[in-house]
Amino acid sequence: MREATGTGKSVEEAIEAALVELNINREDADITIVELPSKGLLGILPGKDAVVHIKERFEPALFASEWLEHLMLKMRNNARVGTKFQDGRIELSITGNNMGVLIGRHGQTLDALQYITTLAVNRKTPDFVPVHVDAGGYREKRRQIIERNALAAKQKVISTGRHITLEPMTPAERRLVHMVLGDDPEVSTYSVGEEPARRVVIDLKGE
Amino acid sequence: MDELLEFMAKSLVDNPDAVKVTKKITSSDLTLALSVAPEDMGKVIGKRGRIAKALRLIVSAAALDTDKRVNVDII
């Protein structure tokens, strides 16, 4: 968070000086008056300048969506970015024609976009804000598929009595499977293998 | 492509003014050389190269509609 102190013959001048130093507009600043100006006494005692302290106001959600929109421009992708601030996290959702390029194989480009956006936003925030990025509804679709597959695999494990190893998934997707089947009385889940081919195993609960 | 990489790098480092991207074009490849202030190296590479890998993925995605392969070197 950038801050500056400004001085001037009046409070107005002091604010102006501080704004110029940070090169920001007045509506983007929180202003604290440190000292009011005083005229000297009959030119014998020297007067005192006004002193103000300003802090740059920073809105992470706004910054995040503008940053990602700018990135889309640089990628020459004609996309729109929607923003929601919910449950303490920023949710950015990209829509447009060319979403496959942004999603990539197994969503790895989308994960890269989310990671770099998170770093760019949080470089400026005092407290960490999680940032989620979706494109063309990909994450919601994946969530539904993974939940459905996990429940189908569970039924198969119960009916055959044999464990099932699911396809390789990203950490976030594996977490979803663990959560969906976490409280299940009949099966348990664990992961095997190394990234990026780490897989969830669904097995009957041991005695 | 170079502007894309430069924009991302400048958003990650403490010294944006020291970020420089130079490009070298051959018939099959476009090579982008990214240089940052020495103390910012970790900010564009990351633990186990995680940031560098993400930057490469995004640049490659943006280059899909060109006929060139894109390499990103961090120097």
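Structure first, text after, so check above.
For the structure given in this document, a descriptive report is provided here.

1. Some details on unusual backbone geometry
Inference 1: For N23 of chain A, which is not glycine, the phi torsion reads 55° and is therefore positive.
Inference 2: Mapped onto the secondary structure, N23 of chain A falls in the loop between α1 (11–22) and β2 (29–35).
Inference 3: According to the relative accessible area criterion, N23 of chain A is exposed, its value standing at 68%.
Inference 4: Here the phi dihedral of R48 of chain B falls at roughly 55°; this positive angle occurs in a residue that is not glycine.
Inference 5: Its location among the elements puts R48 of chain B in the loop between α2 (41–45) and α3 (50–62).

2. Notes on the pairing of strand β9 (residues 199–204) of chain A
Residue and element names in this part refer to chain A.
Inference 1: With 2 bridges connecting them, strand β7 (residues 164–165) and β9 associate as antiparallel partners. Paired with I164 across the strands is I202, a residue of β9.
Inference 2: Alignment of strand β8 (residues 187–192) against β9, held across 6 bridges, turns out to be antiparallel. Residue S188 lies in a different strand from β9, and its bridge partner there is D203.

3. Details of the pattern of salt bridges
Inference 1: What the rule picks out here adds up to 15 salt bridges over all chains.
Inference 2: Where E3 of chain B meets K74 of chain A, a salt bridge forms, and the shortest distance between an N and an O atom there is 3.1 Å. With one member in each of two chains, E3 of chain B in helix α1 (residues 2–12) and K74 of chain A in helix α2 (residues 60–74) form a pair that bridges those chains.
Inference 3: Judged by relative accessible area, K74 of chain A falls into the partly exposed class, the value being 24%.
Inference 4: Measuring nitrogen to oxygen at the nearest pair gives 3.0 Å for the salt bridge that ties D111 of chain A to R139 of chain A. Of the two residues, D111 of chain A sits in helix α4 (residues 108–122) while R139 of chain A sits in helix α5 (residues 138–160), which places them 28 residues apart along the sequence.
Inference 5: Connected through shared salt-bridge partners, E140, R143 and E147 of chain A make up one network.

4. A look at the sheet that holds strand β2 (residues 29–35) of chain B
Residue and element names in this part refer to chain B.
Inference 1: With mixed pairing, 3 strands are arranged side by side in an open sheet as β1-β2-β3. Each edge of the open sheet is held by one strand with a lone partner, namely β1 (20–25) and β3 (69–74). Put simply, the sheet's adjacent strands are angled 20° from each other on average, direction ignored.
Inference 2: Two elements, β2 and β3, share 6 bridges in a ladder whose sense is parallel. Pairing of D29 across the sheet is with R69, part of β3.
Inference 3: Contacting β2 and β3, α3 runs over the sheet at an angle of about 150° to β3.

5. Topic: the packing of aromatic side chains
Inference 1: All told, the structure shown has 1 aromatic pair over all chains when counted by the stated rule.
Inference 2: Seen in terms of ring centroids, W67 of chain A and F7 of chain B are 5.2 Å apart; in terms of plane orientation they differ by 25°. Their pairing is stacked. One end of the pair, W67 of chain A, is in helix α2; the other, F7 of chain B, is in helix α1, on a second chain.
Inference 3: For W67 of chain A, a relative accessible area of 4% gives the class buried.

Basis of the calculations
Residues numbered from 1 in each chain as written. Chains lettered and ligands numbered in written order. Predicted model: local features only at pLDDT ≥ 70, side-chain atom pairs only at ≥ 80, totals over all residues. Heavy atoms only, no water. Helix = DSSP H or I, 4+ residues; strand = E, 2+ residues; numbered from the N terminus. Buried < 20%, exposed > 50% of the residue type's maximum accessible area, 1.4 Å probe, protein only. Pairing = 2+ DSSP bridges. Salt bridge = Lys/Arg side-chain N within 4 Å of Asp/Glu carboxyl O. Axes fitted to C-alpha atoms, helices over the stretch in contact; angles between N-to-C directions. Contact = heavy atoms within 4.5 Å. Phe/Tyr/Trp six-rings, centres within 6.5 Å; stacked < 30°, edge-to-face > 60°.

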